[in-house]
Amino acid sequence: MDKDQPYTRLLEQGGSLTVGGQDVQLDQRLSDELDAFNASATSDTSAAQELSVRVEEAGDLVAGVSGWTWGTAAGIAMTWVREDQRGAGVGAAAVLAFEGEARRRGADHIFVTSFTFQAPGFYQRLGYVEIFRWDGVPTEGRDDVHLRKQL
């Protein structure tokens, strides 16, 4: 055992370290713990709230946006538009509805990330401004673009 590793003492005391794939229980526990920590550190701010917009046609999902609001911030985690509806304004309407609800909840800005092979141009057309770019993420020739919009 390498004594320079920070987890050596834990392992020597009978602890364990497991590396694996998807772990739904771990994800939920981490989310719960971080929510509790964040709430205690920002007791003067309402807890983060999930925010979603669903667009359906004849019971079928056409587009959706999901994310969160917390204090004066909002974040878009995922946006998707069915391929046959892309370019028809459905995605823009969903994002604008998300922004409207975020604003109603007190947010004054929104963050989103998009890979260059996804839709940074879509967000820029809606007034989002690139604030950071990680070149070569997830692979060479592709970038992770971070954008922000002031509401």
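Residues numbered from 1 in each chain as written. Predicted model: local features only at pLDDT ≥ 70, side-chain atom pairs only at ≥ 80, totals over all residues. Heavy atoms only, no water.

*Asks:* Could you give an account of the nonpolar core, naming the residues involved and the relevant values?
*Replies:* Within the largest apolar cluster, 19 residues are counted, with the highest numbers of intra-cluster contacts made by V65, I76, V95, F98, I110, Y123 and Y128. At the level of elements, β1 (49-57), β3 (73-81), α3 (90-104), β4 (109-115), α4 (120-125) and β6 (143-150) are the ones that each hand at least two residues to this core. Per-element accounting of this core gives the leading share, 5 residues, to α3. Look past the residues within four positions of I110 in its chain and what remains in contact with it is A74, G75, I76, F98, E99, A102, Y128, L147, R148, K149 and L151. (Core = buried A, V, L, I, M, F, W, Y, C linked by side-chain atoms within 4.5 Å. Buried < 20%, exposed > 50% of the residue type's maximum accessible area, 1.4 Å probe, protein only. Helix = DSSP H or I, 4+ residues; strand = E, 2+ residues; numbered from the N terminus. Contact = heavy atoms within 4.5 Å.)

*Asks:* How would you explain the environment of L126 if you had to name every residue and give the values?
*Replies:* Secondary-structure assignment places L126 in the loop between α4 and β5 (129-135). The class for L126 is buried, based on a relative accessible area of 16%. In this view, L126 contacts A92, V95 and K149; residues no more than four positions away in its chain are not counted.

*Asks:* Could you give an account of the side chain of T69, naming the residues involved and the relevant values?
*Replies:* Along the chain, T69 turns up in strand β2 (residues 60-70). Note on T69: relative accessible area 4%, which makes it buried. Among all residues touching T69, those that are not within four sequence positions of it are A47, A48, Q49, L51, A74, A102 and R105.

*Asks:* Quick one: what's the story with unusual backbone geometry, residue by residue and with numbers?
*Replies:* Cis geometry marks the peptide bond from V137 to P138; its omega dihedral reads 15°. The backbone phi angle of A58 is positive, close to 55°, even though this residue is not glycine. Along the chain, A58 turns up in the loop between β1 and β2. According to the relative accessible area criterion, A58 is exposed, its value standing at 80%.

*Asks:* So what about α3? Which residues, and what values?
*Replies:* With 15 residues, α3 extends 21 Å between its outermost C-alpha atoms, agreeing within 8% with the 21 Å of an ideal straight helix rising 1.5 Å per residue. G106 sits one or two positions beyond α3 and adopts a positive phi of about 105°. (Expected span 1.5 Å × (residues − 1).)

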